[in-house]
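Remarks on the overall topology
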Amino acid sequence: MGFAIASDSGASAPSPIALTNVRTGLGADAIATALIENLYCLLGKLPQHATRNDWYMCLAYTVRDRMMERYVATLASITETNTAAKAVAYLSAEFLTGPHLGNSLVNLGIWQAVEEALSRVGQDDLSSLLDQEEEPGLGNGGLGRLAACYMDSLATLNVPAIGYGIRYEFGIFDQAIRDGWQVELTDKWLRFGNPWEIVRSEITFDVKLGGRTEPYYDEAGRYRMRWLSEKVVKGVAYDTPVPGYRVPTTNLLRLWKAEAAESFDFEAFNVGDYYRAVDEKIASETISKVLYPNDEPEAGKQLRLAQQYFFVSCSLQDMIRLLIMRGKPLDEFHSYWAAQLNDTHPSIAVAELMRLLVDEHAMEWDQAWAITQQTCGYTNHTLLAEALERWPLPLFARLLPRHLEIIYEINRRFLNDIRLRYPGDDQLLQRLSLIDEAGGKHMRMAHLASVGSHAINGVAALHTELLKQTLLSDFHRVAPEKFFNVTNGVTPRRWIALSNPNLSALITRKIGDRWLADLEHELEHLEPLAIDGDFQKEWQAIKADNKRVLAGLIKERTGIIIEPHSLFDIQVKRLHEYKRQHLNVLYLVTLFNKLRRVSSAAEIPRTVIFGGKAAPGYRMAKLIIKLINSVAAAINQDPVVSQVLKVVFLPDFNVKTSHHVYPAADLSEQISTAGKEASGTGNMKFAMNGALTIGTLDGANVEIRDAVGHENFFLFGLTAAEVERLKAEAYTPRSIYDSNAELREAIDLISSGFFSNGDRGLFQSLVESLITRDDYMLLADYQAYVECQQRVSQAYSDQNAWTRMSILNCARVGRFSSDRSIREYCRDIWNVRPIVPDER
Ligand SMILES: *Cc1c(COP(=O)(O)O)cnc(C)c1O
């Protein structure tokens, strides 16, 4: 296939129809013409009347036009008869893509051409147009962002894939901070339209909900089941192209929007109840209305189960449709589709695929089961007991009566098999069962996913080991061959090229431009430069620039003025007790006490920056935000302490903001309780951009530390095994509080009302929980953390040594590219190959 990238000749992929250069040309001339035409034809504006949003919209359409040939060609490999390629269906309730425009310019290689075209039409500020894009916040954090990185890598590796999910009308809430507290605002991301998506009004599927089942005999005299549902909603496909980095492949993200199956309930209409008919319509649309924030109690959230089933059913029906389009028989489903379940949210796919094959397509159970298992793979993302999905059986039965029967049958056969292999071990049967019989019956979704998949993977080496030893140990015992590790990764296109363009240009100048497509093998060529004085100076200058940009953003958002020469010490991620933002705060209060006592002249100036959202119902996490802001106010107001220490809470941390955050960090805070963070991906983004990590031996930190060298990583704290041992030995945080004077002073200052205008009650629940339970072992790690931070300060005082370590951190983390992760999924789990040979 002839293929041109980023050339001013304007050539593109060959097209079955003769598109004009205005639609496809990649040079500045063609793009400039297209901008004016699109402004006129799509937005009905002349340049002199166009607003900033008009220019953004017409630029977005102009860029999207340039993906269409590749998109259509890639789709053909999944839809046309006689194409043999197996494709990936990545099933995820969340895709946190971030803004599309900048990423598309990078991947299409048209950044400079677009800048030039814009200036020809009198628009000199690409960055203000990039800023105009409202990001689709269709995810909570790491899990949704991982799905987006994987879509980028699948396309870049030329693996045909569809990302299937939900087109939430309201994504993750916007966060404002008022009086130090988090306030949630509705995310109206579709307000000004979405130029990146194409609605496929003719691609729709009916999804049944509720009702009951009924046996019958079909024409062939076979005993079958039918599902007489209470209602039906319709899923409509919305497609967003996902261009690979300078390759022919452009995949798609297909998100389902829920609509009423009929716009009127005719019966209600005929009896004159017009408003009831409209109510029905509204109720149907509710299913894709809003993304659930993490960490909310799930029990009773019937709508959430309906969301999961809704998108899974639409997706599997679509996969069957596409298989039939290709002229393939249904019994070859697993030869053409690998379906990956991103956590248990889509795990109902196991039962739904069985239902579609057996009930709708009259396949025999055994064959359907073999197909289902060979198709599905399950990625586990957490060991936290409270995050494991379990549905009360009555709720499940009410919404999905047929699936309950199917799951009972899956469970019966599975447990029969176990009974034969492990006779007399009733405990084992109870532990493995898909149904938890204790204290009100529950459906265990992780068990359903595990039984129904041929592969189960954790997301970092430590996490996979713990998975095998704890949460899924019985599954590991009965089916060890199902277990794999695939350590997470992040895409260097968004997380280096787009968000750190100056660093990107420097790297390219030194080692050529292949690194963005092959981080794993190319980035290490930077290593010899770590001791090159001139290179170090350039490296430092770029970091300094990035810090000035972040300082500007912080001033604009918070009014706080920070010192760009200070050490930027950053903790950005969702607020959660296991991530231990409050351990960071305890250190800050300790430092505050120390700086008030002794001269601060010798202290290394620091700016400590926090960012992250708390789930609206998670009281402790919201209280930690308030504490951060209260401590920040006291420190920033203190005339002496603020000379060397500033603390900032940057509101509304999201992908767009994060582009300015990761590249500006000197120090990356990865301080979770060992054994609790499955992988982390923020840790990878920071290291790629030259931050050093202070962290525990948790998640992918372990592998990052091994990769960058132990001497280039600030390690502290208990190991996962030590955490468990200490817990088992009746951990008493109060004795640590009693015996550590600095810690006691810090906690007592918080209790005294010093940070809360004398209100001693405000932070009492937090302090109480630390002293009496301390589930996340902050006090056990406190002293080690404080001492480790002292080592950080010492290290930072030698700027050359620090810069060398910074360069080495970047040079040695090439394996944390999501391209490496996707290659492993393709090889170990999916058995899929690129449609264009992978030459790297
Ligand atoms: C990478 C990322 C995360 C995940 O961060 P962790 O530190 O791994 O928890 C969360 N939110 C956003 C916006 C991200 O870009």
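Residues numbered from 1 in each chain as written. Predicted model: local features only at pLDDT ≥ 70, side-chain atom pairs only at ≥ 80, totals over all residues. Heavy atoms only, no water.

What about the overall build of the protein chain?
Across its full length, the protein chain holds 36 helices and 22 strands. Its C-alpha radius of gyration of 28 Å places the protein chain within 12% of the 28 Å reference for a compact globule of 840 residues. With 840 residues in all, the protein chain has 61% of them scored as buried. At a minimum sequence separation of 6, the contacts of the protein chain that also span at least 24 residues come to 76%. (Helix = DSSP H or I, 4+ residues; strand = E, 2+ residues; numbered from the N terminus. Rg over C-alpha atoms; globule rule 2.2 N^0.38 Å. Buried < 20%, exposed > 50% of the residue type's maximum accessible area, 1.4 Å probe, protein only. Contact = heavy atoms within 4.5 Å.)

Details of the UniProt feature "modified residue: N6-(pyridoxal phosphate)lysine" (unreviewed entry) in the protein chain
Within the UniProt annotation, "modified residue: N6-(pyridoxal phosphate)lysine" (unreviewed entry) is assigned to Lys685. Relative to the elements of secondary structure, Lys685 occurs in helix α28 (residues 682–688). The contact partners of Lys685, leaving out residues within four places of it in the chain, are Arg145, Val490, Trp495 and Tyr662. At a separation of 3.3 Å, a polar atom in the side chain of Lys685 contacts the side chain of Tyr662. (UniProt positions renumbered as here; feature names shortened; annotations may be inferred. Polar contact = N/O pair within 3.5 Å; in protein donor to acceptor, adjacent residues only side chain to side chain.)

Some words on the site of the ligand
The full set close to the ligand counts 15 residues, and Lys573, Lys579, Thr681, Gly682 and Lys685 are the nearest of them. Lys573 places a polar side-chain atom, nitrogen or oxygen, 2.8 Å from an oxygen atom of the ligand. Lys685 places a side-chain nitrogen or oxygen 2.6 Å from an oxygen atom of the ligand. Relative to its unbound accessible area of 400 Å², the ligand is 95% covered by the protein chains. Across the shell around the ligand, the residue classes break down as five nonpolar, seven polar and three charged. (Near = heavy atom within 4 Å. Areas by Shrake-Rupley, 256 points an atom, 1.4 Å probe, with all protein chains shown as cover. Nonpolar A, V, L, I, M, F, W, Y, C, P; charged D, E, K, R; others polar.)

Section: the domain arrangement of the protein chain
Entries for the protein chain in the domain assignment read domain 1 (86–99 + 134–486 + 825–839) and domain 2 (492–625 + 632–721 + 782–815). Between the C-alpha centres of domain 1 and domain 2 the distance comes to 35 Å. In this assembly, 37 residues from domain 1 lie in contact with 40 residues from domain 2. Across the domain 1 to domain 2 interface the summed buried area is about 3,000 Å²; carbon plus sulfur atoms make up 58%. Our count for the contact surface shared by domain 1 and domain 2 stands at two salt bridges. Ionic pairing is found between Glu184 and Lys622, a salt bridge with its closest N-O pair at 2.7 Å. (Domains from an automatic or database assignment. Buried area = accessible area lost by both parts, 1.4 Å probe. Salt bridge = Lys/Arg side-chain N within 4 Å of Asp/Glu carboxyl O.)

Focus: the pattern of salt bridges
Under the definition given, this model contains 50 salt bridges. Here Asp819 makes a salt bridge to Arg493, at a shortest N to O gap of 2.8 Å. Placement of the pair is Asp819 in helix α36 (residues 818–830) and Arg493 in helix α21 (residues 492–498), with a sequence separation of 326 residues. When its relative accessible area of 3% is taken as the criterion, Asp819 is described as buried. A residue is classified by how much of its surface remains accessible, and Arg493, at 0% relative accessible area, is buried. Put simply, Asp569 and Arg606 hold a salt bridge, and the shortest N to O gap is 2.8 Å. Placement of Asp569 in strand β17 (residues 567–572) and of Arg606 in strand β18 (residues 606–611) is noted, with a sequence separation of 37 residues between them.

A word on the packing of helix α14 (residues 365–375) against helix α16 (residues 401–421)
Between two packed helices, both the angle of their axes relative to each other and the distance between the axes serve to describe the pair. Two elements in contact, α14 and α16, have axes separated by 13 Å at closest approach and are oriented at 90°. The angle between the axes of α14 and α16 places the two elements in the roughly perpendicular class. Contacts between α14 and α16 involve Trp365, Asp366 and Trp369 on the former and, on the latter, Ile406, Glu409, Ile410 and Arg413. Looking at the contact of α14 with α16 residue by residue, the class counts come to four nonpolar, no polar and three charged. (Axes fitted to C-alpha atoms, helices over the stretch in contact; angles between N-to-C directions. Parallel < 35°, antiparallel > 145°, perpendicular 65-115°, else oblique.)

Details of a negative patch on the surface
On the surface, Asp124, Asp125, Asp131 and Glu556 cluster together to form a negatively charged patch. Structurally, the position occupied by Glu556 is in helix α24 (residues 533–558). Given the relative accessible area of 66%, Glu556 is considered exposed. (Patch = residues over 30% accessible without salt bridge, like charges linked within 9 Å, V, L, I, M, F, W, Y side chains within 5 Å. Lys, Arg positive; Asp, Glu negative; His and termini not counted. Charge placed at Lys NZ, Arg CZ, Asp CG, Glu CD.)

Here we look at unusual backbone geometry
Positive phi, normally seen in glycine, also occurs at Asp652, with a value near 60°. Secondary-structure assignment places Asp652 in the loop between β19 (645–649) and α27 (655–661). With a phi close to 55°, Asn831 is a non-glycine residue in the positive phi region. Secondary-structure assignment places Asn831 in the segment after α36.

Thoughts on the nonpolar core
Trp256, Phe310, Trp337, Phe396, Ile410, Met443 and Trp830 are the most contacted members of the largest nonpolar core, which totals 118 residues. When residues of this core are assigned to their parent elements, the largest contribution, 12 residues, is made by helix α11 (residues 302–325). Here Trp830 is in contact with Lys86, Val88, Tyr90, Leu154, Ala338, Gln340, Ile822 and Tyr825, once residues within four sequence places are set aside. (Core = buried A, V, L, I, M, F, W, Y, C linked by side-chain atoms within 4.5 Å.)

Things to note about the pairing of β17
Side chains on a regular strand alternate between the two faces of the sheet. Buried residues dominate β17, accounting for six of its six residues. The sheet contact formed by β17 and β18 spans six bridges and is parallel. The residue of β18 that forms the bridge with Asp569 is Val608. Two strands pair when backbone bridges link them, and β17 and strand β20 (residues 667–670) are joined in this way by two bridges, in the parallel orientation. Counterpart to Asp569 in the pairing with β20 is Leu667. (Pairing = 2+ DSSP bridges.)

Some words on the sheet that holds strand β2 (residues 161–166)
One open sheet holds the nine strands; their spatial order is β5-β8-β9-β2-β1-β10-β11-β15-β16, and the pairing between them is mixed. A strand with exactly one partner marks an edge of an open sheet, and here the two such strands are β5 (198–209) and β16 (483–485). Across the sheet, the mean angle from the axis of one strand to that of its neighbour is 25°, orientation sign disregarded. Across five bridges, β2 lies against strand β9 (residues 250–260) in parallel orientation. Bridge pairing in β9 places Ile166 opposite Trp256. Of the strands in this sheet, β10 (337–342) and β11 (376–379) are in contact with α14, which crosses β11 at around 45°.

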